[in-house]
Every structure is written in structure tokens, then in C-alpha cells.
Number of protein chains: 2
Amino acid sequence: MSVHVILPDGARREFPDGTTGLQVAEAISKGLAKVAIAVRVNGEIWDVRRCLPAECALEVIKEDSPDGLFVIRHSAAHIMAGAVRRLYGSGVKFGFGPPVEDGFYYDMEFPDHVKVTEDDLPNIEEECRKIIAADYPFERADVPHGDAVRRMEELGQPYKVETLRQDIHDPTASLYTDGDFIDLCEGPHVPSTARVRALRLMKVTGAYWRGDPHNRMLTRLYGTAWASQKALDEYLRRLEEAKKRDHRKLGQELELFLFHEYSPGAVFFLPKGAILYNELLAFLRREYRRRGYQEVITPQLFNRKLWETSGHWEHFRENMFVLSVDEEEYSLKPMNCPSHMLIYQHRRRSYRELPMRIADFCALHRNEIRGVLAGMTRVRKFEQDDAHIFCTAEQIEGEVFGCLDFVRHVYERVFGMPYEAKLSTRPPTFMGEAALWDRAEAALKTALEKAGVAYAAAPGEGAFYGPKVDFFMKDAIGRDWQLSTIQLDFQLPRRFGAEYEGADGQRHVPVIIHRAILGSLERFIGVLVEHYAGEFPLWLAPVQVVVLPITEQEEAYARSVHAELTGAGFRSEIDLSNQRLSYKIRAATLQKAPYMLVCGAREAASGTVAVRARKEGDEGVVRVDEFIDRLRREIGV
Amino acid sequence: MSVHVILPDGARREFPDGTTGLQVAEAISKGLAKVAIAVRVNGEIWDVRRCLPAECALEVIKEDSPDGLFVIRHSAAHIMAGAVRRLYGSGVKFGFGPPVEDGFYYDMEFPDHVKVTEDDLPNIEEECRKIIAADYPFERADVPHGDAVRRMEELGQPYKVETLRQDIHDPTASLYTDGDFIDLCEGPHVPSTARVRALRLMKVTGAYWRGDPHNRMLTRLYGTAWASQKALDEYLRRLEEAKKRDHRKLGQELELFLFHEYSPGAVFFLPKGAILYNELLAFLRREYRRRGYQEVITPQLFNRKLWETSGHWEHFRENMFVLSVDEEEYSLKPMNCPSHMLIYQHRRRSYRELPMRIADFCALHRNEIRGVLAGMTRVRKFEQDDAHIFCTAEQIEGEVFGCLDFVRHVYERVFGMPYEAKLSTRPPTFMGEAALWDRAEAALKTALEKAGVAYAAAPGEGAFYGPKVDFFMKDAIGRDWQLSTIQLDFQLPRRFGAEYEGADGQRHVPVIIHRAILGSLERFIGVLVEHYAGEFPLWLAPVQVVVLPITEQEEAYARSVHAELTGAGFRSEIDLSNQRLSYKIRAATLQKAPYMLVCGAREAASGTVAVRARKEGDEGVVRVDEFIDRLRREIGV
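Read on for an overview of the structure.

A word on the sheet that holds strand β33 (residues 608-613) of chain A
Residues and elements named next belong to chain A. The mixed open sheet is built from five strands, whose spatial order is β31-β30-β32-β33-β34. Looking along the sheet, the strands with just one partner apiece sit at the ends: β31 (572-574) and β34 (617-623). The sheet shows a mean angle of 25° between the axes of neighbouring strands, taken without regard to direction. Looking at chain direction, strand β30 (residues 545-549) and strand β32 (residues 595-599) are connected through five bridges and run parallel. Each residue of the ladder has a partner; that of Val-546, found in β32, is Met-596.

Comments concerning the side chain of Arg-349 of chain A
On the secondary structure map, Arg-349 of chain A appears in the loop between α12 (337-345) and β20 (356-360). Of the residues examined, Arg-349 of chain A reaches a relative accessible area of 7% and is grouped as buried.

Thoughts on the pairing of strand β3 (residues 36-41) of chain A
Residues and elements named next belong to chain A. Across the six residues that make up β3, a large majority, six, are buried. Relative to strand β5 (residues 55-62), β3 runs antiparallel, the two sharing five bridges. Bridge pairing in β5 places Ala-36 opposite Lys-62. Where β3 lies against strand β4 (residues 44-46), three bridges are found, and the strand directions are antiparallel. Counted as the bridge partner of Val-39 is Trp-46 from β4. Taken together, β3 and the strand that follows it, β4, pair antiparallel across an intervening segment of two residues, in which Asn-42 is found at a positive phi of about 50°.

Details of the interface of chain B and chain A
Interfaces are often sized by the amount of accessible area the parts lose when they come together. Taken together, the contact pairs 52 residues of chain B with 52 residues of chain A. When the buried surface of chain B facing chain A is broken down by residue, Tyr-262, Phe-268 and Ile-297 of chain B rank first, second and third, together holding 17% of it. For the interface between chain B and chain A, the tally reads six salt bridges. Between Arg-370 of chain A and Asp-326 of chain B there is a salt bridge, with its nearest N and O atoms 3.7 Å apart. Counting across the chain B and chain A interface gives 18 residue pairs in polar contact (both at pLDDT 80 or more). Per element, the largest residue contribution to the side of chain B that touches chain A is six residues, and it comes from helix α9 (residues 271-290) of chain B.

Quick look at the sheet that holds strand β10 (residues 172-178) of chain A
Residue and element names in this part refer to chain A. Read across the sheet, three strands follow the order β9-β10-β11 without closing on themselves; strand pairing throughout is antiparallel. Two strands close off the open sheet at either side, each with one partner strand: β9 (138-144) and β11 (181-184). On average, each strand axis in the sheet is tilted by 25° relative to the strand beside it, whichever way the strands run. Two elements, β10 and β11, share four bridges in a ladder whose sense is antiparallel. Paired with Asp-178 across the bridge in β11 is Phe-181.

Concerning the side chain of Gln-300 of chain A
Structurally, Gln-300 of chain A can be placed in the loop between β16 (294-296) and β17 (301-303). Look past the residues within four positions of Gln-300 of chain A in its chain and what remains in contact with it is Ser-331, Leu-332, Lys-333, Ala-363 and His-365 of chain A together with Gln-300, Ala-363, His-365 and Lys-381 of chain B.

So, how was this worked out
Residues numbered from 1 in each chain as written. Chains lettered and ligands numbered in written order. Predicted model: local features only at pLDDT ≥ 70, side-chain atom pairs only at ≥ 80, totals over all residues. Heavy atoms only, no water. Pairing = 2+ DSSP bridges. Helix = DSSP H or I, 4+ residues; strand = E, 2+ residues; numbered from the N terminus. Axes fitted to C-alpha atoms, helices over the stretch in contact; angles between N-to-C directions. Buried < 20%, exposed > 50% of the residue type's maximum accessible area, 1.4 Å probe, protein only. Contact = heavy atoms within 4.5 Å. Buried area = accessible area lost by both parts, 1.4 Å probe. Salt bridge = Lys/Arg side-chain N within 4 Å of Asp/Glu carboxyl O. Polar contact = N/O pair within 3.5 Å; in protein donor to acceptor, adjacent residues only side chain to side chain.

That is the geometry; function is a separate question.
Now the structure itself:
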């Protein structure tokens, strides 16, 4: 007997029976073995020390990969539980302890007299460190189900017993031991505790057993774990930075927007937030003009007949706000596509009109559950930079290329956010002819390649009505946001009976491309506030310049400077308070305005201003008209 | 006994008993007597030949005044009924025959075998003319109620009998006779039939007796009547012109907007209509910036608690679209004021922030009865150029002056629509202190006078929460539209408990000025389409220039001209069809674009275009850059 392994590059290797993943990694290279934290065996993630089956596709999982981190965090949860058991004794009962995004948690029931708070975390963390330093191997044992139950009963672990009885129906169950801690667990885990190289316990909350409020409230300890101290430090810095950048906090401080209980999930844009909003719209409209889009303005309330035709009544109704009008059911629109179908359909269309690119910024409403509403990122009322492109099958590639160019322009050149794309193709159940799908998918790939956009393929993940490309943008502190999307739709035109007369005089069904570049404007503004930490570039900044007279003597001069800036079309404010200059500078700094113009006696006498840039600081004294030219150059007008 | 008359100028005159209004008019001047069509006696309109009471305030009503026309049209209805009776015999039964705006109608039941259509109107009109030529006096007889019933029974007029029995509870009723026609009627009427100097029968429709569909359907004959043939001709010309300008017709022809049964009362702005809409918004935003307004963007769905606070739940609920959200009642906002209150209230306010001018273009919904929805002028969904000015009592005059200046700029300078204002002051029941009202009304008057705005006073017609100024704009064919409004509000800030900290450190209640310049944007665009008959000025025109290559030879050149115009920011179209130039010119003329640029071989060779202006026609050949400069000058950029 021997083990036949197929490596990711397609190479086949033969090993003796009983070979482990770690041994395969070692056979490839010592370096690889050192960072191997687990292996993917026929698609499943396994411990590196588990013996391989006779035939397998094998991939070594490195400790700093997403899957590697997942394993590290899972093991970290065990380490934390072991530390708690050491500190608080065998009376602690353990629930579930899974890895989650960026970290892990473990739910525990402490004895009645014990109350664990965040103050206790450093102590528990210290104990974790001892376990890590001891470098206990994680040992897996597959035991008969009954033995596992008995073992957990002996250990006084009722939640584990319940889990075994309710959720595990296999004849065997796996137990993992690291040092003196044993746990019921599917794995996989790191080879030994020292491989959890960086760990930090974060917070303590309550959580019902199995998330059910009828059950007992357990204590949930959260932590994070990384493949290196450096990665942990970076993560903590990012968290700190994210907290400072939180758009809800900055939105209030900069008076951009507010929320009110009388309209949950709907943003009130205050004057400065409305400037951001309107500048984004003006920017998009300039691009629309360059790119041959036509804007329309559409109603918000539609008879259910429209939603029945579009299919939303059947599939999306519970997310719609429905009301009775003229004794019929109407709903606030959750998306624009059906209204654009009515516009397309209002008269006969010819191939000469295609591609027809219809854009719309109208308000959309979706009835999200109140509990999930969160700042600008989960709202009930929003607008999208939404457009629908009606085109022929031949035009798909060119149109998608145009959208890709639009995405690149906006994110690479304007907002400075790198991104990745994901191409989702035909699912097992799909609508329309396979030939059209093949052609469309080929067009999407060609367009992506011609545009030089890196993309991951997600075969089978397309919607049933067409393939799509989703984009994931990285903000200034490295977080990913799904913002742009390009979706082909073979279904909607058929549901509405949309047609055009071809050059051949025959009737044809157009393809529709749904696409959004920023996505929801509300969400995008939330992302942008955090991306820039409120320090918007000049063209977007709600206040572009603050004029600061040093004393009352320069007020008249400062007013003239302010008027000159305003007259030139810039958003200027003037601080006429009786405060000292240092105070005024502090106040203007909190506003995060790109420029302050200090006006003292010398400046007033010479028609100049002392420029302080937000980033660069003191930039010397210039004439007002020179400064205005400079603003114009910077903004590109 | 004698008659004491007080004339409008306050003069008192004494006349012998039995003097009529006509005799008073004659005593004043022969000329006045000639145009006297009725008299206002103690506020009521009377026949000129009725004997005056012992004491009365008297005003002579001239035939071309609104009240005079009302009397003329009422008499015209009798003349038409008399003509019908002459032509169709005594079997015709008459219902009601009142004057209405611009004309009159009479509802009649014809014998079963008679079917009157619009083809019959010239014949009836001819008979009317005979009655007018005969110059029968209109004679009034006040008879006992029972006599009137008997008389109408004798005449075979069951609707008149029913009216007498159901609606007339006085001991006497008045009958009017002109020639051989006698009618139950309150009057008043012209002295004699020849005073209906110009009459035209317009159309025939059906109408239920008393407007009730359970009753019999009668035949309604419409006509119009004027004080002179010239006025009638002018009216018919205006009607013809209005028909050509009808925004529903032009909206379709120019592809500006459409309506759809799935969203009754809501406008779909097609690409060209959206350009109009967005240009108007951009224009307003430029003005807002110059005038110190701040724009906000607010939600649309609000908890009923907000409407209870504002008072709309009590007074406006039946006009609101109400729906259930999170098991509470919410409604789509019918107006912006309450959301602006929430914005004002979100933090403490200081007198330094006042006046605060908050503008908002968000969508509003009002549940108008479906039957009254009409084009853009009666809609369910609309936006306003709405703003609320929060100010101190001292600031009212200055703020109202600013609004008046805004109105003047927009209508006099930009749209060329003269207007009149109406100042409505304190009603008998009012809210707030009388002193504040006095002060505010004085401020309004001063502002109107300083701004040189002519206004009519409407004492007692203000809203209970504050005085207001309404504006009536005259369009290009002389129709009046109520568009702008400035309303003071002493109530809303109190309902919301709005305050500001004064310079004195005390809390004060601000005054709110609601004001709109264009009013509903939808309605305004409807008015504008008719005002300009679709021939929008350059800055508003959805298509500003159409480029017309004469043959295929000039296509490349025409494209370069088109690209140059587009690049310079103008809205250009190019006609690349295979049609002849005359056809292309006709097509572009239908679009009503301000300019066509014809590109022939000579133009292509010399880098020029042959300019055809919409109004002025052929304007010769110019270089493309010269033409662009000219567009820039015309648009004022």
C-alpha cells in the first residue's frame, strides 16, 4: 500500500502508507513545512499530522493564508478555554468556541459566584501565553460516539454532551487534546500550541446558549489571533484606526448627517453631508455625459402588477414597503430596473438606439429588519448610481469593457482604492439558452482581460438570470468593501416582452446589463468617510478653505478674502469669533478643511494670505489670486 | 322717501325713490352708463334696472370686468336655452345653466328622439344671434313661491319644479324673461340680450342631473361669451394656442416625460425631461449659493409621531400615504417642514446661526383623488424648491425682502413672466400674539414696498399660523399661475419646541418662513413647457444644437463639429440618417432645438458651419469656435 498525492500544480507523488500532510510538505521543502499549518485533502482541511488516504489531492495551507488563520483562531479558542479551566477550575462548562472573522470566541458557563469581566482578560491572556510557550501538540482522537459522551460526562461538560446527542450522528466523534485540556471538536487544529504565534483577548459579552433567548445566558470571551506579532499589531492598529474613522462618529463630529428614531434606517444629510452627496452626483453626471449615459427620473410608488411582471412580488416582497392605494396594493420601489423597463417599453425601439444606457438616482426603499440597521452601511432608504444598459448580444463585450473602464477611472484614479474582481458564471439551474450564456461569459472574460482587471473565477456562482462581475475595493486601512457590480440579465427583458427591431427588420430581445459603480450612495459615503478619515480631497471637502483673521483689525480684509474665494466658486468659511488664533486653528483642524488661510496685519497690507495645508502644514505667504489659481489646478478645473 | 347712495370713492348721493342702478350710473356719466352691465348693491350683484333700497353702497360693474363677464355669461346661458327651445320645441326640459370660468353651460333633457351633437351648435348659435339682435330686455319678476311652481309646471319643466321644491325656501322666487323665454333664476342679468356682444358655443357633453350618477344623464351645452368680439377672438386664439402648447402633447412629442397606469400621478422624466429638471435644479443651486441657502437631503418615511407633533396627522392625514412599518403607522411625507424641524432641533442653536435657510428638493407624496390627476399640474409625487428660513422677528423684513428679490430675479430676469402678489393678513381666529402678527405684517408690507412689488391686500385671508404672500405669474399667452409663495409660521416652532439662545443669553422661539419660488418642480415644468411652447431658451433646451451633414461626404466633418460642441459642454445631436437636408431640417425643427448647424462641402473645407437659428432662421456661415463663443455668450458662462 502507498499514498498517491496530487499536488496543486498537477504533479503526482507517491509516499509510503501512513504518510502525513506534514511529511509531504517536508518532502516538497523545509521552508514550506515550517509554515504549514494544515493541509487541504480532497477539498477538506485536515491537521498536518493526520495520515493521508491512499489517493488524494493535497494542498499545503500556510499559516498566513485565510484558511491558515482560520485554523490558528480555532486552536486559539481551545487555548483560551484551557487557560480559563486552569484559572477557574473544572466547574467551568464550555459551549461552542468557533473561529470568526478576524478572531474567535468561546461561550462558557462560569460557576455562579464567578463573574468574569474585561478586567480579567489580561490574566487569562497571560495563562494562554504559558500554554503557547509549553508548545503542547494538538492531538486528535477519533473515538466511538458513546465513549465521547461518557468522557464529556466525566468532565462535567453538559453542553458538550448535549451537542454530541443532538448534533453528532456519526458513529465516531473526535476529541482534541492540547496539554491538560481536552475538548469535543471536529478540528482541524495547528500542530502544536506554539503555532498560535500572536494572540490577544478582546472583550467579554453575554450570549444565549445556541443563540436562543429561552436558554441560559453564557459568557462569551472574544479574542483575535494571527500568524505573527507583526500581523497582530497591524490588526490592532487597524482596529484603532477604524474606530477613529468610524463614519457614525465622524459624521456627527463633522456635521455630515444624522439619524432620527422617527425614520429608522434613513439618512438625514446635513448641509455638509449634502455637499458630499451632491458633489458625488455631479461627478457621476460628468462621467455619464462622457460615457453616453442618459439620466431619467422615475416614480417611487408602483402598483403590484409591475412587481408581478418583474418577479419581485414573488421573490422580494418581504423586503418591500407595501401600502394600499386606490384599494390596490402598491409598493415603494426597492430597485429601479422595472421602471426602466417601462421607459424602454414606452415606444418601439430600433437597433439604432442600442446600446441605450439609462441611469437613475431615485430613492429606493427596502424593508430591512430594524435590528440590522447600522449607520450608513445598512439602511432602509438609499439611492444608487444605478444604470441599465439595453444592448444586443454583440455589444456585451464592449459595454462591459466600458463599465470596467468606468470602475477603474473611479477607483484607481479618483478615490485611490485598489480592487479585485470576481467573475460568477452559469449556475446549475439557469435561465435562457446555454449558447447565450457561453457567449456572454466569453465576452465578460475577454472584456476583463482586455481591461487588465485581475479576477477570481467563481464557477456556478452567477445568478440564475445571468453571469456577473463583483468588485471588492480596499480602503485606506486595508478593509475590503464590495462596491461595484456588473450583472447580465437574460430574464427581465423576456418578462417584460422587451424587443427591438434589428438591422434585419426582425424583432429581437435585448440583453440588460445592471451596473452600479459606487453602489448605494449612502453606503459609499459611509465608506468614503472612513477611507479618508474625514479628510476629503479638495473637490469633495464640504469646507474647502477656512479664513482666519488673527485679530479684529483684519476682519474686513478676511471678509474680502472669503468673498473672493466664494465668488470663485469655492466653499469657504470665515472664523469671526473672538478667539485667539491658536484656538481658531484648532477649530478649523477639527473641521478637517484642506486649507486654512491666516490673515494677519502683514497679509492684509500686502493682499496675501498665510497658507496652512491640512497635511503639509505651513506653506508660506501667497497672493490671494495665486492661491485661487492653485486651488483650481488642484481640483482640475 | 329718497334713495341714499354711497359711491366707491366715498361720495354720498341722494336720488328719488325708485331710482335704479342704471340711473345712478347715468347720473355719474353717460359713458359709464353705456358700459354698466350690473351694479353691486351692499355687496350683492343686482340688475341695473332693479330699484335701489333706501340706503346702499353702490358700485357700477362694467361689462369687461370679471364680475361683468360673469353676468354676461349667465345671460348667455339663458339666450342659448331660449334658442334651443325655439329650435327643439317646448319638450326640452332645462336643468341648471350657470356661468363658469371663461364661459357657461346649460344642462338639458331633450326628447328621446332628439340627439344634439356638436354639429348642431352652429345652428343653435345662429338662433342665439337672432335673440341677441332682437335686443330683448331681461325682465325680473319676484313672484310667490307657489306661483313660480305653477308656472314651471305649466311650462313642463320638472327640473325647475324640483329645484323650487328642494332648494328654494324663500316665500318668493324670481323669474327672468327675455323675449319668449322664461326661466327660474336668481339673476342678475344684463339689461338686454344685445349686451351679450360676443358668444360662441363650444361643445356638447353628458352630465348627470345634479352630478349624481344615479340620476338621468342630461345633455350639457357649453359656450363662452365676452364683452366684445375682439375679446372673444382673443380668447379663441388663446385656446388654440394653449392646445398647441399643451404640456401633455408637447411632453410626448419632445419626449420629455411620460405617465404610466402603474404609478398614477407620478411623472417619469425621460432623458430630455430629466435635463430640464436637472438644469432647473442646477440653476436653483447656484442661486442658493449666492443667497446663503444650505441644502439638506431628508428621509421620506416618517413615524406618525412626527405628524402628530407637526399637526399633519390631525389636519392632513387623508392626503397622506400611510403604511405599516415595524407594526407602527408611518407615512410618506407630504411636505418637508417637519423634517427640517428635526434638523433644526438636532442640537442647540444660537442667534449667531440665524437666519438659517434650509433648502430641500426631496420627493413629496400627496394622495390626491385619482380622478383629479392631470398631466404635470395635478400629481401625487412631486418635488418642490422648498426652503424654510429660521429667523428672529427682527430678521423677518430682511428675509422676506431676500425672497422677493429671488422671485423677481427668477421671473422677471430669467423666465420673463410678469406677476402680481397678494398679501393675506391676520384671520379672525389666529395663533400667536397679536403684537407679533402686527410686527410681521408690517415687515411684510415694508419688504413688499421696498422691493417695489405691486400687491393686493387680502385682509383676514392669512393662515391661522401666520400671514403670507402669494404670487400669480402670467405666462406667454396671458394665463395666471400661482407659483411662488412666502408664508410666515408662528406655530410650527412652538409645536416642536424650537428655540435659540439669543444675544441676551435667553431662550427664544424662532419664526419660520416657508417659501417656494418655482413651487412644485413638476407643475413648474408643465407651466414652462406651455409658456415657451416647447421652445426652451438655450440654457434649458434639452437639445441645444443639431448638426446636419448635407451628404455622407460631410459625415466625418459633422462628427468632429458635434464632438467639439459636446466637448465644450453643449448638448448636441447629430443627424446621420440617409435623409435629404430638407427632411433633416424638418426633423430638427420638430425638436425645437435653438440651433441647427448645416455642414456642406464648403463648410467642411473651411472649418465652418451654416447656422440656422430657431427663431431668426438663416444666420450665415461662421467658424465653429466662433459659434461656440457665441453659445457661451448667449448662455452667460
